[in-house]
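Residues per chain, in single letters:
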Amino acid sequence: MTDLFKEYQELLNTNLGLQSFIQHSALDGVWFLELDQIDRSWYNSTFLKTLGFNDENDSSSHFNFKDAVDKDDLALLMAKIQQSKKDELIVEQVLKFKAKNNSTIWLRCKGFVILNESGAATRMIATLINITAEKKTAIELAHCIKQHNQVIEGSELATWEWNLENDVLILNDHWKRLLDYADNELGVTTIKWWADRIHKDDISQVESKLITHLKGETKKLECQLRMLKKDNTWIWLSCKGKVIERKNGRATLISGFHQDLTESKKYADELEHYKNLLEHSNEVAKIGTWEVDIAKNEVQWSKVTREIHEVDEDFIPLISKGLEFYKKGKDRDKITSEFNLAATEGKSFDEELRIVTAKGNLKWIRTVGVPQLSNGKLVKVYGVFQDISDKKFHEEALQKSYNQTKVFIEQSPSALAMFDLELNYLAASKQWLTDYKLKNKNIIGMNHYEVFPGIGEDWKTMHQNCLKGETHRKDEDEFVREDGTSQWITWEVKPWYNLNNEIGGLIMYTAIITPLIEAQQKAKNMLEVMTKQNDRLLNFSHIVSHNLRSHTSNMTMLLDFMDKDKSTEALETYYPMFKKATTNLSETIQNLNDVANMNMHSSDALETLNLKAYIDKNIATLDASIIDVNCNLSISVDPKITVKAIPAYLDSILLNLFTNAIKYKSEERQLKLRVTATKTKKYIIITVSDNGLGIDLKKHRKKLFGMYKVFHKHKDSRGVGLFITKSQIDAMNGKVEIESEVNKGTSFNVYLLR
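Each value, and the rule that gives it
Residues numbered from 1 in each chain as written. Predicted model: local features only at pLDDT ≥ 70, side-chain atom pairs only at ≥ 80, totals over all residues. Heavy atoms only, no water. Salt bridge = Lys/Arg side-chain N within 4 Å of Asp/Glu carboxyl O. Helix = DSSP H or I, 4+ residues; strand = E, 2+ residues; numbered from the N terminus. Buried < 20%, exposed > 50% of the residue type's maximum accessible area, 1.4 Å probe, protein only. Core = buried A, V, L, I, M, F, W, Y, C linked by side-chain atoms within 4.5 Å. Contact = heavy atoms within 4.5 Å. Polar contact = N/O pair within 3.5 Å; in protein donor to acceptor, adjacent residues only side chain to side chain. Phe/Tyr/Trp six-rings, centres within 6.5 Å; stacked < 30°, edge-to-face > 60°. Patch = residues over 30% accessible without salt bridge, like charges linked within 9 Å, V, L, I, M, F, W, Y side chains within 5 Å. Areas by Shrake-Rupley, 256 points an atom, 1.4 Å probe, with all protein chains shown as cover. Lys, Arg positive; Asp, Glu negative; His and termini not counted. Charge placed at Lys NZ, Arg CZ, Asp CG, Glu CD. pLDDT = per-residue confidence, 0-100. Disulfide = S-S within 2.5 Å. Expected span 1.5 Å × (residues − 1). Arc of directions from axis to C-beta. Pairing = 2+ DSSP bridges. Axes fitted to C-alpha atoms, helices over the stretch in contact; angles between N-to-C directions.

Let us now look at the pattern of salt bridges. For the structure on display, the rule yields 27 salt bridges. Glu165 is paired through a salt bridge with Lys247; the nearest N and O atoms lie 3.4 Å apart. Taken together, the residues Glu165 in the loop between strand E6 (158–163) and strand E7 (168–171) and Lys247 in strand E9 (residues 234–247) connect sequence positions 82 residues apart. Residue classification places Lys247 among the partly exposed positions, given a relative accessible area of 42%.

Soluble globular proteins tend to bury their nonpolar side chains together. Counting residues in hydrophobic clusters, the biggest one holds 41 residues, and the most contacted among them are Leu611, Ile615, Leu650, Phe658 and Ile686. Looking at this core, the elements with two or more residues in it are helix H21 (611–621), strand E23 (642–645), helix H23 (647–663), strand E24 (672–679), strand E25 (683–690), helix H25 (721–731), strand E26 (735–741) and strand E27 (745–753). Not counting the four nearest positions on each side in its chain, Leu650 is found in contact with Leu609, Tyr614, Val643, Ala645 and Leu752. With 28 residues, the next largest nonpolar core counts Ile38, Leu48, Val69 and Ile81 among its residues.

Our next topic: the environment of Arg123. Topologically, Arg123 is positioned in strand E5 (residues 121–130). Arg123 gets classed as partly exposed once you look at its relative accessible area, which sits at 21%. A distance of 3.3 Å separates the side chain of Arg123 from the side chain of Glu34, its partner in a polar contact.

Our next topic: the packing of aromatic side chains. A full pass over the atoms with the stated rule returns 21 aromatic pairs. Seen from their ring centres, Phe65 and Phe97 are 5.9 Å apart, and the 70 degrees between their planes marks the pair as edge-to-face. In this pair, Phe65 is assigned in helix H5 (residues 65–68) and Phe97 in strand E3 (residues 90–98), connecting sequence segments 32 residues apart. In this pair, the class of Phe65 matches that of Phe97, namely buried.

The subject of this paragraph is a negative patch on the surface. A cluster of acidic side chains, namely Asp260, Glu263, Asp269, Glu270 and Glu272, defines a negative patch on the protein surface. Sort the elements by how many residues they give to the negative patch and helix H11 (residues 262–285) lands first, with four residues. On the secondary structure map, Asp269 appears in helix H11. Its relative accessible area of 54% is what places Asp269 among the exposed residues.

Now for the confidence of the model for the protein. If pLDDT is low for a region, its predicted coordinates should not be looked at in detail. Confidence in the prediction for the protein averages 81 pLDDT; 81% of positions are at 70 or higher. Here residues 597–602 is a poorly scored stretch, pLDDT under 50, and it has nine contacts once near neighbours within four places are set aside; other chains count.

Let us look at the state of the cysteines. As enumerated under the stated definition, the model contains zero disulfides in all. Looking at Cys223, it has no disulfide partner, and the nearest cysteine sulfur is the one in Cys239, 4.4 Å off.

Of note, Asp167 is a non-glycine position whose phi angle comes to about 55 degrees, a positive value. Along the polypeptide, Asp167 turns up in the loop between E6 and E7. The class for Asp167 is partly exposed, based on a relative accessible area of 30%. You will see that Asn743, though not glycine, has its phi angle at about 65 degrees, which is positive.

Looking now at helix H14 (residues 330–345). Here H14 spans 22 Å end to end across 16 residues, near enough to the 22 Å set by a 1.5 Å rise per residue. Considered for burial, the residues of H14 that qualify are Asp331, Ile335, Glu338, Phe339 and Ala342. Angular distribution of buried residues about the axis of H14 spans 95 degrees; they occupy a single face of the element. Turned more than 90 degrees away from the buried face of H14 sit Lys330, Asp333, Thr344 and Glu345, all of them exposed.

Let us look at the side chain of Lys229. Position of Lys229 among the secondary structure elements: in the loop between strand E8 (221–228) and E9. Lys229 gets classed as buried once you look at its relative accessible area, which sits at 16%. Setting aside residues up to four positions removed in sequence, Lys229 forms contacts with Leu178, Leu179, Asp180, Arg197 and Ile235.

Turning to the sheet that holds E27, a few remarks are in order. The strand order across the open sheet built from five strands is E22-E24-E25-E27-E26, with neighbouring strands paired in mixed fashion. At either end of the open sheet lies a strand with only one pairing partner, and these are strand E22 (632–636) and E26. Averaged over all pairs of adjacent strands, the angle between their axes in this sheet comes to 10 degrees, without regard to strand direction. Seen against the sheet, H21 touches E22, E24 and E25 and runs at an angle of roughly 165 degrees to E22.

By the alternation rule, side chains of strand E13 (residues 349–356) split into Phe349, Glu351, Leu353 and Ile355, which are all buried, and Asp350, Glu352, Arg354 and Val356, of which none is buried. One ladder, built from eight bridges, connects E13 with strand E14 (residues 362–374); its direction is antiparallel. From the neighbouring strand, Arg354 faces E14, where its bridge partner is Trp364. The loop that links E13 with its antiparallel partner E14 comprises five residues; one of these, Gly360, has a positive phi angle of about 85 degrees.

With respect to topology, five strands assemble into an open sheet ordered E2-E1-E5-E4-E3, the strand pairing being antiparallel. The strands lining the two open edges of the sheet, one partner per strand, are strand E2 (42–43) and E3. Sheet analysis places strand E1 (residues 30–34) next to E2, joined by two bridges and oriented antiparallel. Looking at the pairing, Phe32 lines up with Trp42 of E2. Sheet strands touched by helix H6 (residues 71–82): E1, E3, strand E4 (104–115) and E5. Its angle to E3, the strand with the most contacts, is close to 165 degrees.

The following block contains the structure:
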């Protein structure tokens, strides 16, 4: 280092430029650096003292250049030195050092580079200036700027800055977003662009206030304006700003921010509209108004408000006096709290409370309070004041009536339930809960369709009709539950009305009548049994009369034949017929006895009977009549066919149909009687047809099987045969059909079970 110092001295003596450089640059130290071997460099005592070392001896044992200097800063300096040229030998670099006490020292290094004969940098003489204070200030300033930007970003302030010297207007991203521009739009703008977007009705006052502030006549710029957004809609803005730089008394830089006032303006407009409505309401509906000036602590009451309070015209209202009119307790506490919130936080209120007037009368009132802002500051609270005593007393009477109705329903011995307009339960009697198994369930407030989810659309429609004023009832109705069980009920659904004669909901009454319905059904069944038994007895009497008369008529006719012709040949012919007739009579009497026994026991005792045998037997009974009328008889029945029937009934049916064919034959042609039988899946169809007189079905079909209905003149016609036949067929679960045409004949189709 001593050699370098000697060389340094020689250079100073011989190089006038170097002398001038050091004279003007050296403040806080001088270096003479050996660029290839930094450790051999020389630095004066001023430099060492700047880093906190007292003298050269102190530094020699504690100071190491490479350890003290910031390596990145040194690298930058070395790079600049290597780039030096013959005509550019001066280099500058800020270097950061660690002082003896470990604090940070910033030095601005300004060096004179010395080149060798080949033009390469080998040494450098440098002067140093301590800029630590400036650097710390810059760091703190950068930190403050960063914090400031973070505050602006966090508060979403729409800031702007106008440089008047170059007419550049800088807008932050929040400002752009305020007018619906993207962050990357606009770029650098001018004050003209900004002014062109101001509403024509606002531009004059904005220019006037801006010019006044730029001249220094006001401390800050403050105004309200409308500005055109990107989508060509208008936005209300509050504009605040202040000049932050002046040169020679002339403003050169001003900055500020914009705030969206659109909602506040809208609110103010609504407030003005509301105030106008209140004034109109005051004239028409006698609703009072009030106003409190927060700044002046003044209160104004309208005439109607004074009348509601029952005070004299010269009464001077104060905030405290006004609050004292409210009934002491929760009413006064409530209005005090609400008014304080309106006066301090700008919150509106709408309350129904009680006051005691100046004359000691208790009144229910509705009071509404609406704060009014001016330039973002609360200045007044407006309100309305209405006497609602009649309404409240009406509501109390309604509630009392409802409570009485509720108690009546709950204690009613009948199943009653009360519902609101939405079919939610208001009350239900104990019997209702018992009948519908709801004792352990709190149904008050629940919806009827939630309690009974299986209710059908027909019931829901009926409920809606009742809510329109209809009343529906049914004496007997079967109600099937979701689990498949059923109940018989009698019910009525009707609307209930409030004191305003308006429908308030429904009342349902039900009574379970399942035991009554079951008892009625038992009685009905017993009556049907008795009726059937009576019909059987009546039918039996007709069978006796009709069937015995057929046998006796046949026997009488045979005796007449025998009286008229007593020859041996005649007797041989008629005697077997007579014997057969007596046998059939005996059998008929036995069958009638069996029928009587059946009537006493069971009506369902059907037997399997051979149809062909019964047809033959009844034809034999009528042999004499068949011979007498010269009947052309044809029987086409399978001998194996059987039917389910009561023997006496089957005899009676066949005998009656055969007898009618003979009795009502045509006198103009020979009687043709045809008997056939066909099978279906369920029935045997017995068809008995003739070519007799026939029946006019258009005229007589409805009364064909009626009692004592006669369709032809005949001495033996009594009008009971077809009635008996139809009754007997029905009793055996069969049916009968008829086809007939006047003067062509009749065909009966009898359906009996197989």
